[in-house]
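# Survey of secondary and tertiary structure
Single-letter residue listing:
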Amino acid sequence: KGVSSSDGIKAMERLVHDTLGSNYSFSWTGQAYQETQSGTTVAVVFIFAIILTLLVLAAQYESWTDPVAVVLSMPVAILGTVLGCLFMNQSISIYTQIGLILLLGLSAKNAILIVEYATYFRKSGLPVRQSALNAGVIR
């Protein structure tokens, strides 16, 4: 109790290696197998999601600078989630990762709307700073 499954898997692998040496091997099945196989794919999925978001928004805005504001909101959402899990002494489980994907979508949606409003205010003749402030207030 109080130990994540990945810590348990690592401890078991260490125990088998220390006890049996290199003469024996082992393999995981079920959930442990799935967890060991998907350990690095989550980071790759997040990287591809950010790249895809940047490319789609660049095509939508016909600009490379506007989507950067949207993509910059994503690390803040990730940081908030990780700090929240650390503060509450919770592990980053598969449920946390699913919630993180949803949170990234919501923060991107909010940032897209702020950029849309800021662009609208900028085209109407307001300075950049005032456009951003007005867009933030509206959103």
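Above this text sits the structure in question.
Let me begin by describing the structure that accompanies this report.

Cut-offs and rules
- Residues numbered from 1 in each chain as written.
- Predicted model: local features only at pLDDT ≥ 70, side-chain atom pairs only at ≥ 80, totals over all residues.
- Heavy atoms only, no water.
- Helix = DSSP H or I, 4+ residues; strand = E, 2+ residues; numbered from the N terminus.
- Rg over C-alpha atoms; globule rule 2.2 N^0.38 Å.
- Core = buried A, V, L, I, M, F, W, Y, C linked by side-chain atoms within 4.5 Å.
- Buried < 20%, exposed > 50% of the residue type's maximum accessible area, 1.4 Å probe, protein only.
- Contact = heavy atoms within 4.5 Å.
- Axes fitted to C-alpha atoms, helices over the stretch in contact; angles between N-to-C directions.
- Parallel < 35°, antiparallel > 145°, perpendicular 65-115°, else oblique.
- Left-handed = near helix turned anticlockwise from the far one by under 90°.
- Nonpolar A, V, L, I, M, F, W, Y, C, P; charged D, E, K, R; others polar.

## Let's talk about the overall build of the chain
When you go through the chain residue by residue, the secondary structure sums to seven helices and zero strands. Of the regular secondary structure in the chain, the N- to C-terminal order runs α-α-α-α-α-α-α. Since a compact globule built from 139 residues should have a radius of gyration of about 14 Å, the 22 Å found for the chain marks it as more spread out than a globular shape. With respect to the three principal axes, the spread of C-alpha positions in the chain is 75 × 30 × 20 Å.

## A word on the nonpolar core
Of all hydrophobic cores here, the largest spans 11 residues; its members are Phe 46, Leu 57, Tyr 61, Val 70, Met 74, Ala 77, Leu 100, Leu 104, Ala 108, Ala 111 and Val 115. Elements that contribute at least two residues to this core include exactly α3 (41-61), α5 (73-87) and α6 (94-123). Looking at this core, the element that brings in the most residues is α6, giving five residues. With sequence-adjacent residues up to four places away left out, Val 70 is seen in contact with Leu 57, Ala 108, Ala 111, Ile 112 and Val 115.

## Comments concerning the packing of α6 against helix α7 (residues 128-138)
Where α6 meets α7, the axes come as close as 8 Å, and the angle between the chain directions of the two elements is 135 degrees. In terms of orientation, α6 and α7 fall into the oblique class. Seen along the crossing, α6 lies across α7 with a hand that is right-handed. Only Val 128, Ser 131, Ala 132, Asn 134, Ala 135 and Ile 138 of α7 make contact with α6, whose side of the interface consists of Ile 114, Tyr 117, Ala 118, Phe 121 and Arg 122. By residue class, the composition of the contact of α6 with α7 is eight nonpolar, two polar and one charged.

## A short note on the packing of α3 against α6
Two elements in contact, α3 and α6, have axes separated by 12 Å at closest approach and are oriented at 20 degrees. Judged on the interaxial angle alone, α6 and α3 are roughly parallel. Taken as a pair, α3 and α6 cross one another with a handedness that is right-handed. Each of Val 42, Phe 46, Leu 57, Gln 60 and Tyr 61 in α3 lies in contact with α6, whose residues at this interface are Gln 97, Leu 100, Ile 101, Leu 104, Ile 112, Val 115 and Glu 116. A per-class count over the contact of α3 with α6 returns nine nonpolar, two polar and one charged.

Treat this as a map of the structure, not an account of what it does.
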